[in-house]
Amino acid sequence: MTRRTDDRTRAGKGRPRTDDRTPAGKGRPRTDNRTRAGKGRPRLPGWFQYAVKHRAERCLIGDVGVRLHDNKMQADLGFTLAAEWQGRGYASEAVRTVLDDLFRRGLRRVSAECDARNERSARLLERVGFRREGYRPANTWLKGEWTDDILFGLLASQWRT
Ligand SMILES: CC(C)(COP(=O)(O)OP(=O)(O)OC[C@H]1O[C@@H](n2cnc3c(N)ncnc32)[C@H](O)[C@@H]1OP(=O)(O)O)[C@@H](O)C(=O)NCCC(=O)NCCS
């Protein structure tokens, strides 16, 4: 697609750096190339945070988190984009980049879940190829109330670049 050009976003790898803070005050890793291995260890089980950097603006605009399971064949996914950068397709682009990397590495399955009221997140997940797999009523206690969660999954066999 023509809009996937160099001045768009990229997902970078690396552990959050406390000396590289965004205006929102959250530490983010700094990266210079398309999805690449940073100083962290994204291939080990546990959470790993990928930074999303806007190339033209040279600023960090979000993150994609991946929790690799102990079997190293499946992972859970989460993501956040700074409010001022939402609604332009950047988060979808970053998530697709990370998914492509995960499936190229041989993962068989990626799972995600979101608050049922989080329509933007659900739209993003379906846009990049996730399928709705379940619904958990009153599954999460959040800000003083029980909230419903939607469960999503994407198999390697369903992944289309
Ligand atoms: C979830 C979240 C990342 C979605 O951000 P987003 O910017 O809406 O996601 P995308 O990158 O997929 O952008 C898609 C939107 O950009 C619009 N868009 C505008 N120009 C576009 C372009 N050139 N290409 C693609 N999409 C474009 C699309 O129409 C779409 O809008 P719509 O959903 O109203 O139809 C963001 O809302 C967020 O950070 N929320 C807080 C954290 C959170 O909830 N995380 C998920 C926890 S599970």
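Residues numbered from 1 in each chain as written. Predicted model: local features only at pLDDT ≥ 70, side-chain atom pairs only at ≥ 80, totals over all residues.

## Some words on the site of the ligand
Consideration 1: Neighbouring the ligand are 19 residues, the closest being Gln86, Gly89, Ala91, Ser92 and Cys114.
Consideration 2: Among the elements of the structure, β4 (74-81), α1 (90-104) and α2 (119-127) are those that each provide at least two residues to the shell around the ligand.
Consideration 3: Broken down by element, the residue count for the shell around the ligand peaks at 5 residues, all from α2.
Consideration 4: A breakdown of the residues in the shell around the ligand according to their chemical character gives 6 nonpolar, 8 polar and 5 charged. (Near = placed C-beta within 6 Å. Helix = DSSP H or I, 4+ residues; strand = E, 2+ residues; numbered from the N terminus. Nonpolar A, V, L, I, M, F, W, Y, C, P; charged D, E, K, R; others polar.)

## Let's talk about the pairing of strand β7 (residues 145-155)
Consideration 1: With 7 bridges joining them, strand β5 (residues 109-115) and β7 adopt antiparallel strand pairing. Along β7, the bridge assignment pairs Glu113 with Leu151.
Consideration 2: By the bridge criterion, 8 bridges tie strand β6 (residues 131-142) to β7 in an arrangement that is antiparallel. Bridge assignment links Arg131 to a residue of β7, and that residue is Gly153.
Consideration 3: In sequence, β6 turns back onto β7 through a hairpin of 2 residues, with Lys143 there showing a positive phi of about 45 degrees. (Pairing = 2+ DSSP bridges.)

## Some words on unusual backbone geometry
Consideration 1: Unlike most non-glycine residues, Lys72 shows phi in positive territory, near 60 degrees.
Consideration 2: Along the polypeptide, Lys72 turns up in the loop between β3 (59-68) and β4.
Consideration 3: Given 13 C-beta atoms within a 10 Å radius, Lys72 is considered partly exposed.
Consideration 4: One non-glycine residue with positive phi stands out, namely Lys143, at about 45 degrees.
Consideration 5: Mapping Lys143 onto the fold places it in the loop between β6 and β7. (Buried ≥ 20, exposed ≤ 12 C-beta atoms within 10 Å, placed from the backbone.)

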